Amino acid sequence: MTLRALFSAVVLALAAPALAQSETFLPLTSPVELAPGEPDKQVGELIYRGGVEIAPDKAGIGGISGLEWHDGQFYAVTDDGRWLVLTPEDVQGRLVDVSEVTLGPLLDEKGRKLGSKERGDAEAVTRTADGAWLVAFEQEHRIWRYPALDGAAGGSESGAAALVAGAEANGGLETLAAYAGGLLACGEWTDPARPNCLRIGASGAAPFHLAAPEGIAAAGGVPTDAACASDGTCYVLFRSYKPGEGNRAAIVKLAPDNAATTLAVLAPPLTLDNFEGLALREEASGSFLYLVSDDNFRNCEDKPGSGCQRSLLMKFLIDGTQPAPSAAPQVIAAAPPTPETGRPGKRPFPEATSVSVVLTTELGAITIALETERAPVTARNFLRYVDEKRFDGTVFYRAMRLDREPRPNGLLQGGTQFDPKRILPPIAHEPTTQTGLTHTHGALSMAMGAPGSANGDFSIMIEDQTGLNADPAASDPVWKNGYAVFGYVVEGMDVVAAIHGTAIDPDKGEGWMKGEMLAKPVKIISARRASAP
């Protein structure tokens with residue numbers, strides 16, 4: 001799996017709002033390269049920044065046909081009349097996982113499920129300035145407005161109806177993108193005699209023709225989704241499929257006056273699939289486009305063979321939108337920790353027996369309550385390292401910094417680093433389903449490669465990382481068992497945050513851990529038992 005395959009990885013399960021008739025779970029994902037051996041492959045004006053393949057999983061994820069970025073998550077619709085909320089996880093600016101999926105049925109005006117493929121063939125979704133959602137359907141061509149995606153439709157939007165008058169059942173509105181004061185809609189055709197796009201603004205509706213760019217036009221490229229910035233600059237996704245060649249995709253930048261510029265054409269042998277969704281994410285670090293593919297419910301995971309498809313989510317940086325390089329030394333410092341970051345961890349069972357340990361570091365003391373009653377095997381293993389002074393002189397060496405609020409966010413890792421003179425034999429695994437403990441702010445958790453392999457490396461959570469808890473429904477043994485919590489920082493989280501915020505050396509580390517290693521590891525001077533809390 002992506003980040004999950006690392007011996008000390010973090011996957012976060014962010015809490016989505018409670019939605020009616022919905023299901024929320026941790027999906028199965030695996031990493032995807034755009035071009036083997038080229039992690040930062042650039043195509044045209046787009047620079048690859050990671051991607052994942054999403055397995056159908058128990059809920060039959062698939063048929064994703066539209067994508068919208070909002071408030072840290074992706075919102076999508078599917079060919080079989082469902083909505084999805086996808087929670088992405090970025091590490092060092094790269095997409096490494098989807099930690100949570102919430103999905104449910106789209107409803108009609110009376111709150112009923114749509115029932116049939118003909119009624120439920122949702123192809124595009126966008127969020128308007130007033131917070132409502134517009135969903136475009138084909139076969140029964142229409143646009144419905146939803147005050148909330150998990151509720152009943154609130155009525156129809158008629159502004160783009162003329163665009164699809166007389167359209168074929170499978171050739172309707174594939175593209176919707178709202179922006180401040182306007183809406184872009186495009187149909188799934190490129191005949192120059194018939195306008196395929198429409199801008200609707202304060203002055204009315206203006207149809208126009210948007211041609212497929214060179215490199216995809218000959219393969220039958222058609223518009224299939226779009227995303228717009230607040231100033232009316234839009235990005236339009238074209239996709240095509242040609243027997244014997246496979247899929248292609250292209251991104252066209254559309255100025256507010258509809259002047260078109262091709263940003264990139266993605267063609268074989270790049271990793272591609274049936275891309276039908278496009279989302280725009282604007283951050284201080286740059287503007288990013290995300291592509292998602294529709295597997296047409298013929299996913300290679302459960303229906304392998306000729307013609308199988310995948311659900312891919314890929315992230316691209318738009319070249320030129322990133323900040324100018326700094327002349328500062330090549331180290332990366334985090335934002336200073338806030339007073340809130342320094343709050344102590346909360347023990348779920350404060351009445352349970354515990355043993356206090358003080359880690360004295362170069363930057364201050366950290367007091368830990370070891371859960372000797374709730375997690376006896378793991379806590380006593382840690383105590384053995386303490387009592388035999390095996391932690392004395394070790395370091396905190398890794399700061400995983402997650403791109404999500406509140407900030408700072410992630411974990412701090414330290415310990416014996418497989419030093420043969422320090423490590424003890426691996427210990428039996430104690431899952432959180434057994435101990436009742438959880439990876440909340442301030443929790444200590446054992447690093448491991450597989451259940452039963454932990455020894456002398458541990459991590460401290462900065463903000464909640466409950467995606468590391470055991471998930472009995474997962475098929476992967478690591479995530480079925482999760483990681484083992486064995487204590488909580490009860491004093492000194494400000495010290496943890498200060499260490500976590502020290503400079504990073506972007507060239508240290510290997511694989512996914514590159515760019516997460518402290519430029520100057522912080523020494524653990526001593527680890528000693530203290531009086532009981």
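Calculation rules
Residues numbered from 1 in each chain as written. Predicted model: local features only at pLDDT ≥ 70, side-chain atom pairs only at ≥ 80, totals over all residues. Heavy atoms only, no water. Helix = DSSP H or I, 4+ residues; strand = E, 2+ residues; numbered from the N terminus. Rg over C-alpha atoms; globule rule 2.2 N^0.38 Å. Buried < 20%, exposed > 50% of the residue type's maximum accessible area, 1.4 Å probe, protein only. Contact = heavy atoms within 4.5 Å. Areas by Shrake-Rupley, 256 points an atom, 1.4 Å probe, with all protein chains shown as cover. Lys, Arg positive; Asp, Glu negative; His and termini not counted. Charge placed at Lys NZ, Arg CZ, Asp CG, Glu CD. pLDDT = per-residue confidence, 0-100. Pairing = 2+ DSSP bridges. Axes fitted to C-alpha atoms, helices over the stretch in contact; angles between N-to-C directions.

Regarding its fold elements, the chain presents five helices and 31 strands. In terms of overall size, the chain behaves like a compact globule, its C-alpha atoms giving a radius of gyration of 25 Å where 533 residues would be expected to give roughly 24 Å. Oriented by its inertia axes, the alpha-carbon framework of the chain measures out at about 80 × 55 × 45 Å. Classification of the 533 residues of the chain by burial places 56% in the buried group. Put simply, of all contacts in the chain between residues at least 6 apart along the chain, 62% involve residues at least 24 apart. Counting only carbon and sulfur atoms, one obtains 53% of the accessible surface of the chain, whose full area is about 20700 Å². Counting 46 positive and 66 negative side-chain charges, the chain places the averaged centre of each group 5 Å from the other.

Confidence in the prediction of the chain, expressed as mean pLDDT, is 88, and 91% of residues score 70 or more. Low pLDDT, under 50, characterises residues 1-20; the stretch is placed with 86 contacts to residues that sit more than four places away or in other chains. For residues 326-332, every residue scores under 50 in pLDDT, and the model assigns this stretch twelve contacts once sequence neighbours within four places are set aside.

We now examine unusual backbone geometry. Geometrically, the link from Pro268 to Pro269 is a cis peptide bond, its omega value of 15° lying close to zero. Looking at where Pro269 falls in the secondary structure, it is placed in the loop between β20 (260-266) and β21 (275-283). Cis geometry is adopted by the peptide bond preceding Pro408, which originates at Arg407 and carries an omega value of 0°. Note that Pro408 resides in the loop between β26 (395-401) and β27 (410-415). The phi dihedral of Gln417 falls on the positive side, at around 50°, and the residue is not glycine. Structurally, Gln417 can be placed in the loop between β27 and α3 (432-435). With a relative accessible area of 40%, Gln417 lands in the partly exposed category. Phi at Glu463 takes a positive value of approximately 70°, unusual for a residue other than glycine. The residue Glu463 is located in the loop between β29 (457-462) and α4 (477-481) in this model.

Attention now goes to the sheet that holds strand β28 (residues 443-446). Around the barrel, which closes on itself, the eight strands sit in the order β24-β25-β30-β28-β29-β27-β26-β31 with antiparallel pairing between neighbours. Sheet twist, expressed as the average angle between the axes of neighbouring strands with direction ignored, equals 35°. Pairing between β28 and strand β30 (residues 485-491): three bridges, direction antiparallel. Following the sheet pairing, Leu444 is matched in β30 by Gly487. This element, helix α2 (residues 376-387), spans β24 (355-361), β25 (364-370), β28, β29, β30 and β31 (517-529) of the sheet and lies at about 90° to β31. With respect to the sheet, helix α5 (residues 493-500) is in contact with β24, β25, β26, β27, β29, β30 and β31, its orientation differing from that of β29 by roughly 100°.

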